[in-house]
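As a plain string of letters, each chain reads:
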Protein chains: 4
Amino acid sequence: MNLSGIIGYPITPFHDNGQGINFNKLKTILDTLLEAEVDAIAALGSAGEAAYLSQSEWENVANYTVKYIAGRVPVVIGIAELTTEQALKRAKYAHDIGANAIMLSPFSYYPLNEDEIFTHFKRVSDETPLPIMIYNNPATCKVDMSPEFMLHMVESIPHATMIKESTGDIQRMHKIYELSNGTVPFFNGCNHLALDALVAGAAGWCTAAPCLIANKPKQLYEAVKANDNNKARALFYQQYNFLEFIVKSGLAAAIKSGYALQGFDVGEPRKPLLPLNEEAQAKLKGMLLNLTIIN
Amino acid sequence: MNLSGIIGYPITPFHDNGQGINFNKLKTILDTLLEAEVDAIAALGSAGEAAYLSQSEWENVANYTVKYIAGRVPVVIGIAELTTEQALKRAKYAHDIGANAIMLSPFSYYPLNEDEIFTHFKRVSDETPLPIMIYNNPATCKVDMSPEFMLHMVESIPHATMIKESTGDIQRMHKIYELSNGTVPFFNGCNHLALDALVAGAAGWCTAAPCLIANKPKQLYEAVKANDNNKARALFYQQYNFLEFIVKSGLAAAIKSGYALQGFDVGEPRKPLLPLNEEAQAKLKGMLLNLTIIN
Amino acid sequence: MNLSGIIGYPITPFHDNGQGINFNKLKTILDTLLEAEVDAIAALGSAGEAAYLSQSEWENVANYTVKYIAGRVPVVIGIAELTTEQALKRAKYAHDIGANAIMLSPFSYYPLNEDEIFTHFKRVSDETPLPIMIYNNPATCKVDMSPEFMLHMVESIPHATMIKESTGDIQRMHKIYELSNGTVPFFNGCNHLALDALVAGAAGWCTAAPCLIANKPKQLYEAVKANDNNKARALFYQQYNFLEFIVKSGLAAAIKSGYALQGFDVGEPRKPLLPLNEEAQAKLKGMLLNLTIIN
Amino acid sequence: MNLSGIIGYPITPFHDNGQGINFNKLKTILDTLLEAEVDAIAALGSAGEAAYLSQSEWENVANYTVKYIAGRVPVVIGIAELTTEQALKRAKYAHDIGANAIMLSPFSYYPLNEDEIFTHFKRVSDETPLPIMIYNNPATCKVDMSPEFMLHMVESIPHATMIKESTGDIQRMHKIYELSNGTVPFFNGCNHLALDALVAGAAGWCTAAPCLIANKPKQLYEAVKANDNNKARALFYQQYNFLEFIVKSGLAAAIKSGYALQGFDVGEPRKPLLPLNEEAQAKLKGMLLNLTIIN
């Protein structure tokens, strides 16, 4: 499996009372992503509110996604657990159901040192043959891994083969590229850094944006690949405010509001998360109008 | 119930294989705290690895602690859950078993805004009559609440009556004192800020230090109350390196290593947390020798 | 000379057109400080707009201050120059006119490393017998020196004997005290940290506050020395908003506005610095009313 | 005058005793830049140690540069003064000698608010007809101007027409481009951000790198303009370590050491700045060898 391009992130729709997963709606959301020409799907990332699901909900979402996608594109399963034991359990489950890769992040209460993180990743790699995308997102997972340390894990941990960098610091990507001589694939996880990351050598872009703005992210990816910088720049700045907005508002709340603005009610995020307030919804509406996604 | 003085934090000892709670050892640890003359006990804080326990383990620790202390000092139960639903469940449980107060912290994956935090605290207050200590510890819980916002919650949420400030920024305490005219009790949660916090008006000091250094924290508290600044300063600087060390090394790992150095094997913290490495253990040993805790 | 207690900082009054120093007014300001019972005077600090003076203006202010104070209290001269050559020139001048000490800070355009800072201080110490107060104030001088490094300079550079810490981080003071076993005198340069610093062992408090609020800072200093923590706390919180305000508004602008509110027109700070805007002036007025400095 | 492309920054060579400017050597340095195909020259920037020159030295360097370049490329003069009065004096001088533009930065001791910065820029614009490049470099000038504020100045201050952004935060450039709809020319001042900045729409790249690595920066600029992303990426990563190194080591010290490694002794930077230490020199030598600049 060779991941590249647009990795689409579904959100997780709950039933109206906030209890349980609405799989009918999840199906529609996965369809949205496929129609947006994503090159892979990553279930149970931040956008999917994975941290707020019970273990059985998490397993059901993972299983449903793999079964429904059924090989049309690769499926990556996100794992960000507080204990190594839980992470192992999830990784084995992902393998059992036939996922193509896992995206593994250390989620922390206590700050973790590099020995602790390394051991965590090593244990998961020892227990599952799935390729591991090392995921660095201190804004949610509260652990910040340097490019040097992540490359060290890629060298030392058999199944750790890819990196997803979400700090938004383009210099991290420069370092990954330069230190590995361009040999370690890395993915951009900060939406409003997409243009820069792709030009700097990112293999792809992990994003929930296609949930709402269709294949515009894919178009940007292709413009960069086609060496058409003017087109890429135009596409990027067209999406820029939207991309920044969904990151800063919280992906789950923003994408759920955006679906509602398009007439598809996918419910609210799980408490304590709240839906976008009215002012933010109005802003988002303006952006979707500008992008001619709604009218 | 009027909390003040030293609030002692037990760690959670696991069985040798890392599975399940060792209640015999927990009993000894609670005895250590009582012998150290703590004025209250706060179970299931950071030191207690609450974030790494299963729900039933968490409940059993809470229940055991309340039953064993049996009113000798007040018992506060820490609650730091990712979802409001889980926090409510834990708060009701704490009330059911007869705890005296809860220490409530927003624990986050997505950054939370003030509306989200407020709603979370309000819901808990609506569901339980226990007094709530608002707990601000961004280093672990990843949410930073300003003094102004916490005082707003104290004014607006019936059972939110106290604040625990763990940022280590003494100006936060100045603000709490000044803005509330000294009427809202606040507690220091940053060990190596204890002298400053108590002089600045803190009602007490939340600390796991008495697990290892007996009543030295209590002596410091009493020296400040007795207006003996020279004695207070001497006691503070005597403990200073130790207090800073346990914070910077991670309370659970440091306290567990310290017990081992005193001949009491309480096992390791739960993975991905690792025990102190040899260098850190040697440092801790030196500090305990200096404090004549071991010889 | 043994510095301790309140080190008062005069501002520098210009003539009405902003050109040249108004020495008549400087005399009145120095009198204010003496009446406020300061234990020493530090000319040409931040409050004195030293960075905005020509070399001859700087020399004239230094000379006037030393001559007018005439030994009634020690006079410290602040030196914060971009080049070592200029710093040497100023240090020699301070010695020539009979100042008692210099307060030396690295002022930087390029960030300076420890070798560069050390060499700068060493050169000055080699050229003048005056005691040197090492002054750490990254908010203005843009160089941040750790407690460990400053203590290293105290050990290695003959005339470097004291430290002024203005970061506002109380842990820096704890470190200085603990690492030097209380033997190296340090001064607090962050007004709204005064209570904590003095209790933590500071030898004194460097402040422009006495320009406006008379001997209230001295009273706080004495309450701490007298071990009267309740009185010290009351005095501190009474002044707290004012102390924070003058730091956050910029000392020169705030003190000049405060004098004007008391009926003493000392002109404006030098451009690009602007006087306090109306809202800030109203705030300051409210604080001086509360402190019964004006009515 | 329409600035774009590579704006080259000369360093300032002193005589062997550190006193006075060595104009013979300055001539050679300017020749280096012209041979490196720079599109403009900016004298008296950070690289030129402008902050460490006396007023007459500063004027002589400005004058010499304009006269020697003699219109072959535009000459921009950097101005970063602590007082508005000094900035005005320098701006008038730049105009008098025939410079093409000024690059104006607020250099601060006290932090400056936006009113203070605006007034500073407005006054300079009122006094000279030269186009002003607003220069944001908080790492040296200690004032951080937001994209929104700089664009506000471009709209409101007649001669303020361009922006140089040196924070290294690519999002600032995205904002400038997006908010101005691509109409306000901005320049990259962070060497190791060059690829990203140019792709994101920067009009040019302000850099001292051509002093040492000839037309490699120009080649990178042209590859981006030619839409050859693979070539641009290859050129960027080839230079990357060098570009990061000269920024992190301090431009003046690094460029001066680099010239020495090429057999051209331009002396040391001015104290307190020190030359690169041996370890750093060895690193730089390795980089220049890799780039086949030396052998």
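Predicted, not measured: the structure shown is a model, and the values here were computed from it.

Chemist: Could you give me a rundown of the packing of helix 4 (residues 114–127) of chain A against helix 6 (residues 147–156) of chain A, with the residues and numbers involved?
Modeler: Residue and element names in this part refer to chain A. As a packed pair, helix 4 and helix 6 sit with axes 11 Å apart at the nearest point and diverge in direction by 35 degrees. As for the relative orientation of helix 4 and helix 6, their crossing is right-handed in sense. The segment helix 4 lies against helix 6, with E114, I117, F118 and F121 engaging F149, H152, M153 and S156. In the contact of helix 4 with helix 6, the residues fall into five nonpolar, two polar and one charged.

Chemist: So what's going on with the relation of the copies chain D and chain A? Residues and values would help.
Modeler: Note on the identical chains: chain D maps onto chain A by a rotation of 180 degrees and an axial translation of 0.0 Å, with an RMSD of 0.0 Å. On this basis, the relationship between the two copies can be described by a two-fold rotation axis. Here 100% of the contact residues of chain D are again contact residues in chain A; the copies associate through an equivalent surface.

Chemist: Account for unusual backbone geometry, with residues named and values stated.
Modeler: A cis amide bond, omega 15 degrees, links K271 of chain A with the succeeding residue P272 of chain A. Here P272 of chain A is to be found in the loop between helix 12 (251–261) and helix 13 (278–290). Look at N227 of chain B: it is not a glycine, yet its phi comes out positive at around 60 degrees. Note on placement: N227 of chain B falls in the loop between helix 10 (216–225) and helix 11 (229–249). For A214 of chain D, which is not glycine, the phi torsion reads 55 degrees and is therefore positive. Residue classification places A214 of chain D among the partly exposed positions, given a relative accessible area of 37%.

Chemist: Can you tell me about the environment of K271 of chain B, naming the residues and giving the values?
Modeler: Secondary-structure assignment places K271 of chain B in the loop between helix 12 (251–261) and helix 13 (278–290). By relative accessible area, which is 33% here, K271 of chain B ends up partly exposed. Sequence separation between K271 of chain B and Y52 of chain B is 219 residues, and the spatial gap between their C-alpha atoms is 8.6 Å. Discounting residues that sit within four places of it in the chain, K271 of chain B has contacts with L82, T83 and T84 of chain A.

Chemist: Break down the pattern of salt bridges for me, with residues and values.
Modeler: Summed over all chains, the structure comprises 56 salt bridges over all chains. Salt-bridge contacts for E127 of chain B lead to K92 of chain B; the nearest nitrogen and oxygen are separated by 3.6 Å. With E127 of chain B in helix 4 (residues 114–127) and K92 of chain B in helix 3 (residues 84–96), the pair connects residues that are 35 residues apart, well separated along the chain. Here R270 of chain C makes a salt bridge to E57 of chain C, at a shortest N to O gap of 2.7 Å. Taken together, the residues R270 of chain C in the loop between helix 12 (251–261) and helix 13 (278–290) and E57 of chain C in helix 2 (residues 55–69) connect sequence positions 213 residues apart. Overall, R270 of chain C belongs to the buried group, its relative accessible area being 9%. It is possible to trace a salt-bridge network through shared partners that takes in D144, E165, D169 and R172 of chain A.

Chemist: Account for the sheet that holds strand 2 (residues 40–43) of chain C, with residues named and values stated.
Modeler: Residues and elements named next belong to chain C. Pairing within the closed barrel is parallel, and its eight strands lie in the order 1-2-3-4-5-6-7-8. Neighbour to neighbour, the strand axes of the sheet diverge by 30 degrees on average, direction disregarded. Two strands pair when backbone bridges link them, and strand 1 (residues 5–8) and strand 2 are joined in this way by two bridges, in the parallel orientation. Paired with I7 across the bridge in strand 2 is A40. Helix-sheet contacts for helix 10 (residues 216–225) involve strand 1 and strand 8 (204–207), and the interaxial angle to strand 1 is about 155 degrees.

Chemist: Which residues make up the pairing of strand 8 (residues 204–207) of chain D, and what values go with them?
Modeler: Residue and element names in this part refer to chain D. Neither face of strand 8 is open: one carries G204 and C206, the other W205 and T207, and all of them are buried. Direction of pairing for strand 7 (residues 186–188) relative to strand 8: parallel, over a ladder of two bridges. Bridge pairing links N188 to W205 in strand 8. The β-α-β motif built from strand 7, the intervening helix 8 (residues 194–199) and the parallel element strand 8 has right-handed crossover chirality.

Parameters at a glance
- Residues numbered from 1 in each chain as written.
- Chains lettered and ligands numbered in written order.
- Predicted model: local features only at pLDDT ≥ 70, side-chain atom pairs only at ≥ 80, totals over all residues.
- Heavy atoms only, no water.
- Axes fitted to C-alpha atoms, helices over the stretch in contact; angles between N-to-C directions.
- Helix = DSSP H or I, 4+ residues; strand = E, 2+ residues; numbered from the N terminus.
- Left-handed = near helix turned anticlockwise from the far one by under 90°.
- Contact = heavy atoms within 4.5 Å.
- Nonpolar A, V, L, I, M, F, W, Y, C, P; charged D, E, K, R; others polar.
- Least-squares fit on C-alpha atoms with pLDDT ≥ 70 in both.
- Buried < 20%, exposed > 50% of the residue type's maximum accessible area, 1.4 Å probe, protein only.
- Salt bridge = Lys/Arg side-chain N within 4 Å of Asp/Glu carboxyl O.
- Pairing = 2+ DSSP bridges.
- Right-handed = clockwise from strand over helix to strand, strands pointing away.

Functional significance is not addressed by these values, which are geometric in nature.
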